[in-house]
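Architecture and fold: a report
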Amino acid sequence: MPAGPRWHLIALLTALLLVLLLTSAETKRQEKGKSLKGVRQELTQERRRAAGRYSRAGPLRVVPSPHCSESTESGEVFVDCQDRGLTTIPTSETWTKEIRHLTLARNQIKMLQDRAFVGYESLTSLDLQQNQISLVKEGAFEGLTRLTTLLLQHNHLGTLTEETLIPMPNLRYLRIHNNPWNCVCPMDSLIRTLQVPSNRNLGNHARCAEPIRLKGTKLKQIDPELLCKEPDPTSDPAHYPTDSPNVLQPIPIRKKPDAIGSCHIYFFPQTRMDCSKQGLTEVPAGIPEDVVHIDLSHNSIRHLKVKDFQSARSLRTLNLSNNQMEHIDTGSLTGLLHLRELDLSDNSLQFIQYGVLEDLYFLSQLKLGGNPWVCDYSIHYMVYWLRLHPGVRHSGLLCRSPPEHTGERVETYVNSYNRECPKDRQQSKSDQEQTDPELWNTPMEVQRELEEEELEPSHLRAPQKYQIIRLS
Ligand SMILES: *[C@@H]1O[C@H](CO)[C@@H](O)[C@H](O)[C@H]1NC(C)=O
């Protein structure tokens, strides 16, 4: 067939042509694809840039959102920015509503610029305690005309002038203690202001750190005349006669730690004192009357004494956990009529002395775990008191000793005690006449009589009362 090879040739050429065409088309498509991708990339970059420009312009991005919590307490907006690692004051636009109370406690703010609180004109309280503020510009508080409470304690302030306070005509509470005040001439006007009798709640407890001759003296008690006087050529402290008023007085060794000096106080939403982990060996004195919650946990308190809480009339929670408490005097919780929560866990208590709990009419929670409760007659008071106060939820009341009761619930032990008739109770029958008449007819005794009436003859009850005396 002569047409065969020609046909072959045509087929071959066609195939070659097809291959060429396809290859070129693929190249073009790739090029086209590449350029499209490039455009898309550019567009994305452009959009990102645009977005960047937009977000930088947005007010919410000026200061990173501090994630503060906003709440309303009796109709007043309260913003809590504690422990947010802040180094500056967040802009007021961050919040939608008019803020009354702002706490910036425990951040890392180092200075307050002029007009630092623009937009915060509705504030009545401002808490800046426990920052690192060493400088407050004179105009820092401009506009805060409604402010009544300003807390600057536990900062690094060495000086402050009276001018700083002028924008706040309604200021009634100013706390500036635990700052290293340098009591020299520039402090004269401030010290005079603090000493005006009507300013009795401004600057209490603040003490000079310098100069050395005034170290430890309260700002309220310095003679302002001395501050701006030319130093006497013989003013070497060694030359002062001992009765000179400006001589370095040894700081009196205070018997009891002072609550304001050893604790942190917070006013909103409720007055709360945090005295935890302060190495306290005693309940500090001078707990303000309006404190509602007090945390004394993780200290080394061994003993609660009569009147320890006598000033704390409003107390609702008292946390004494993780101390070394061995003894609570009758009368130490006297006056705590509104106490709701009492945490005595993780101490060294073996029993609660008779009468200790008598004033706690409104107690609803009592934490007792982690104490070496001894299941003998001394523990009975606790159990009777709990029976008489069924509204009190309690936890952790377990016998640690004696060995035969270890791990048993104290209530179980007391019930079993009442059902058995231990030998020693019969043996002490002859001691009946030694019974303290004052222990009769107390709620505890009445309660026990009601419960035990059918269980044992009445002549067996007296010796138990005798045992209370012997063990306490
Ligand atoms: C008391 O303080 C401890 C330790 O800080 C804590 O674990 C406990 O919950 C507190 N108790 C109450 C009643 O708040």
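Definitions and limits used
Residues numbered from 1 in each chain as written. Predicted model: local features only at pLDDT ≥ 70, side-chain atom pairs only at ≥ 80, totals over all residues. Helix = DSSP H or I, 4+ residues; strand = E, 2+ residues; numbered from the N terminus. Contact = placed C-beta atoms within 7 Å. Buried ≥ 20, exposed ≤ 12 C-beta atoms within 10 Å, placed from the backbone. Pairing = 2+ DSSP bridges. Axes fitted to C-alpha atoms, helices over the stretch in contact; angles between N-to-C directions. Parallel < 35°, antiparallel > 145°, perpendicular 65-115°, else oblique. Near = placed C-beta within 6 Å. Nonpolar A, V, L, I, M, F, W, Y, C, P; charged D, E, K, R; others polar. Arc of directions from axis to C-beta. pLDDT = per-residue confidence, 0-100.

Per an unreviewed UniProt entry, the chain goes by Leucine-rich repeat-containing protein 17-like and derives from Betta splendens.

A count of helices and strands for the chain gives eight helices and 19 strands. In the chain, the proportion of contacts linking residues at least 24 apart, taken out of those at least 6 apart, comes to 58%.

Here we come to the environment of Ser262. Note on placement: Ser262 falls in helix H3 (residues 259–262). Judged by the 18 C-beta atoms lying within 10 Å of it, Ser262 falls in the partly exposed class. Along the sequence, Ser262 and Ser276 sit 14 residues apart, while their C-alpha atoms lie 9.4 Å from each other.

Taking strand neighbours across the sheet as the criterion, the seven strands line up as E11-E12-E13-E15-E17-E18-E19 in an open arrangement whose pairing is mixed. Across the chains shown, the open sheet's two edge strands, defined by having one partner strand only, are strand E11 (264–266) and strand E19 (393–395). When strand polarity is set aside, the average angle formed by the axes of neighbouring strands in this sheet is 5°. One ladder, built from three bridges, connects strand E13 (residues 293–295) with strand E15 (residues 317–319); its direction is parallel. Bridged to Asp295 within E15 is Asn319.

Two numbers describe how helix H4 (residues 380–388) lies on helix H5 (residues 410–419): the axes approach to 10 Å, and their chain directions differ by 100°. It follows from the interaxial angle that H4 and H5 lie roughly perpendicular. Where H4 abuts H5, its residues His380, Met382 and Val383 lie against Val410, Glu411 and Val414.

The subject of this paragraph is unusual backbone geometry. In the segment running from Glu210 into Pro211, the intervening peptide bond is cis, with an omega of -15°. The topology assignment puts Pro211 in the loop between strand E10 (208–210) and H3. Positive phi, close to 55°, is recorded for Arg106, a residue that is not glycine. Residue position: Arg106 is located in the loop between strand E3 (101–103) and strand E4 (111–112). Assessed through the 19 C-beta atoms surrounding it within 10 Å, Arg106 is described here as partly exposed. Phi angles above zero are rare outside glycine, and His154 is one such case at about 55°. Locating His154 in the fold gives a position in the loop between strand E7 (149–151) and strand E8 (173–175). Judged by the 20 C-beta atoms lying within 10 Å of it, His154 falls in the buried class.

In the neighbourhood of the ligand, the contacting residues comprise Ser276, Asp295, Ser297, Thr317, Asn319, Ser321, Asn322, Glu341 and Asp343. Looking at the shell around the ligand, the elements with two or more residues in it are E15 and strand E17 (341–343). Along the lines of polarity and charge, the residues of the shell around the ligand split into no nonpolar, six polar and three charged.

Looking along a regular strand, one sees side chains alternate from face to face of the sheet. In terms of strand pairing, strand E1 (residues 69–73) meets strand E2 (residues 76–80) through five bridges, oriented antiparallel. If you follow Thr72 over to E2, its bridge partner there is Val77. What sits between E1 and E2 in their antiparallel hairpin is a turn of two residues, with Ser74 showing a positive phi close to 40°. Bridge analysis of E2 against E3 gives three bridges, and the strand direction is parallel. Looking across to E3, one finds that Phe78 is bridged to His101.

So, on to H5. Considered for burial, the residues of H5 that qualify are Val410, Tyr413 and Val414. The buried residues of H5 occupy one face: seen down the axis, they fall within an arc of 95°. Facing away from the buried surface of H5 by more than 90 degrees, the exposed residues are Ser416 and Arg419. On its buried face, H5 sits against H4.

On to the confidence of the model for the chain. Here the chain shows a mean pLDDT of 76. Residues at 70 or above account for 69%. The low-confidence segment residues 233–254 (pLDDT under 50) makes 13 contacts with residues lying over four places distant or belonging to another chain.

Moving on, we get to the environment of Ile352. Structurally, Ile352 can be placed in the loop between E17 and strand E18 (365–367). Spatially, the C-alpha atom of Ile352 lies 7.7 Å from that of His327, the residues being 25 residues apart in sequence. Leave out the neighbours within four places in its chain, and Ile352 touches Ile328, Leu357, Tyr381 and Met382.

Let us now look at the sheet that holds E3. Taking strand neighbours across the sheet as the criterion, the six strands line up as E1-E2-E3-E5-E7-E8 in an open arrangement whose pairing is mixed. Edge positions in the sheet fall to E1 and E8, since each of these pairs with one other strand and no more. Averaged over all pairs of adjacent strands, the angle between their axes in this sheet comes to 10°, without regard to strand direction.

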